[in-house]
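# Architecture and fold: a report
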Amino acid sequence: MACIEEFNRIYGAKEICVRIHSDQFLALVSNDDTVDMRYHEYLKAVDSRAREFGVKYPIRFRVGVYKLRKEDTDIDIMIDHANVARKSLSGEEKELQAVYSDKILLGMRKVNEIESVMQQALVQGEFIIYLQPKWSISENRIIGAEALARWKRKDGSMIFPSEFIPV
C-alpha cells in the first residue's frame, strides 16, 4: 500500500506503474526531464516507508520505463516498449531503471538475430579459431597460446567478437 501511495504522491494522474512479477515493474510516465529525479525520489520514499515497518535493507526493484508521447494511442505498444526497457537490465547494474529508447530495441533485435543464426553457423563451420602465441620474455620462447574465435559468414562478411561473444 505504501508503494502505491508514494507513487501517487510523486507521479501524475496520467502516469502508471504496474508490477509484472516479483521485483519487476513497468512504468508509463510523462516525457519530461524529471524522470530520473522522480524515480530516485520514489525509491527514497519507499525505503523510508519500509523502515517504518521495520525493514532494515534497501528496497530494490527493476523498472522498465516508457516516456509517453503525444502521438501514442496504442497501450499495448507502450507497455511493450516499457517491457523492452525492463528486459534490457541485465542484473549487474547499480541502476535498476531503464528508459525505453529505439537503441535498446535495435540492440535486442541484433541479439535475437545473432541467436537465430548462431547454431547454423556453428554447423556450417563459420567459426574460425586463431591461436595467438603467448611469449615468455624471461624464457625467450612461446609458452602457450590464446584461442581467438572469429565468425566469418559464408558470404565473406565478419561478425565481430564484441557482437557474438556476449550472446
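Residues numbered from 1 in each chain as written. Predicted model: local features only at pLDDT ≥ 70, side-chain atom pairs only at ≥ 80, totals over all residues. Heavy atoms only, no water.

## A look at helix α4 (residues 102–123)
Look at α4: 33 Å from first C-alpha to last across 22 residues, which is about the 32 Å you get at 1.5 Å a residue. Within α4, the axis deviates most sharply at Val117, by approximately 35°. What α4 keeps buried is the set Ile104, Leu105, Ile114 and Ala121. In the core, the buried residues of α4 are packed alongside α3 (75–87), β4 (97–99), β5 (127–136), β6 (141–152) and α5 (161–164). Within two residues after α4, Gly125 carries a phi angle of roughly 75°, on the positive side. (Helix = DSSP H or I, 4+ residues; strand = E, 2+ residues; numbered from the N terminus. Expected span 1.5 Å × (residues − 1). Bend = angle between axes of the 7 residues up to and from the residue. Buried < 20%, exposed > 50% of the residue type's maximum accessible area, 1.4 Å probe, protein only. Contact = heavy atoms within 4.5 Å.)

## Re the pairing of β6
Direction of pairing for β5 relative to β6: antiparallel, over a ladder of ten bridges. Bridging from a neighbouring strand, Trp135 pairs with Ile142 of β6. Linking two consecutive strands that pair antiparallel, namely β5 and β6, is a turn of four residues; a positive phi of about 55° is found at Asn140 within it. Taken together, the two bridges between β6 and strand β7 (residues 158–159) define a ladder with antiparallel strand orientation. Bridged to Lys152 within β7 is Met158. Between β6 and the antiparallel strand that follows it, β7, lie five residues; Gly156 among them carries a positive phi value of about 95°. (Pairing = 2+ DSSP bridges.)

## Digging into the packing of α3 against α4
The contact between α3 and α4 brings their axes to 10 Å, and the two run at 65°. Here α4 runs roughly perpendicular to α3, going by the angle between their axes. Crossing of α3 against α4: the hand is left-handed. Taken together, the residues of α4 that come into contact with α3 (itself represented by Val84, Ala85 and Lys87) are Ile104, Leu105 and Met108. (Axes fitted to C-alpha atoms, helices over the stretch in contact; angles between N-to-C directions. Parallel < 35°, antiparallel > 145°, perpendicular 65-115°, else oblique. Left-handed = near helix turned anticlockwise from the far one by under 90°.)

## A word on the nonpolar core
Core analysis: the largest hydrophobic core is formed by 16 residues, its most contacted members being Tyr11, Val29, Tyr39, Tyr42, Phe61, Val63 and Val65. By residue number, the principal contributor to this core is helix α2 (residues 35–52), which donates six residues. Among all residues touching Tyr42, those that are not within four sequence positions of it are Cys3, Glu6, Phe7, Ile10, Tyr11 and Phe61. Within the second largest apolar cluster, twelve residues are counted, among which are Tyr66, Met78, Ala82 and Ile104. (Core = buried A, V, L, I, M, F, W, Y, C linked by side-chain atoms within 4.5 Å.)

## Digging into the sheet that holds strand β2 (residues 24–30)
The sheet built from four strands is open, its strands ordered β1-β2-β3-β4 with mixed pairing. Looking at which strands have only one partner, the edges of the open sheet turn out to be β1 (16–21) and β4. Each neighbouring strand pair of the sheet contributes to a mean axis angle of 20°, computed without reference to strand direction. Strand direction decides the pairing type here: β1 and β2, joined by five bridges, are antiparallel.

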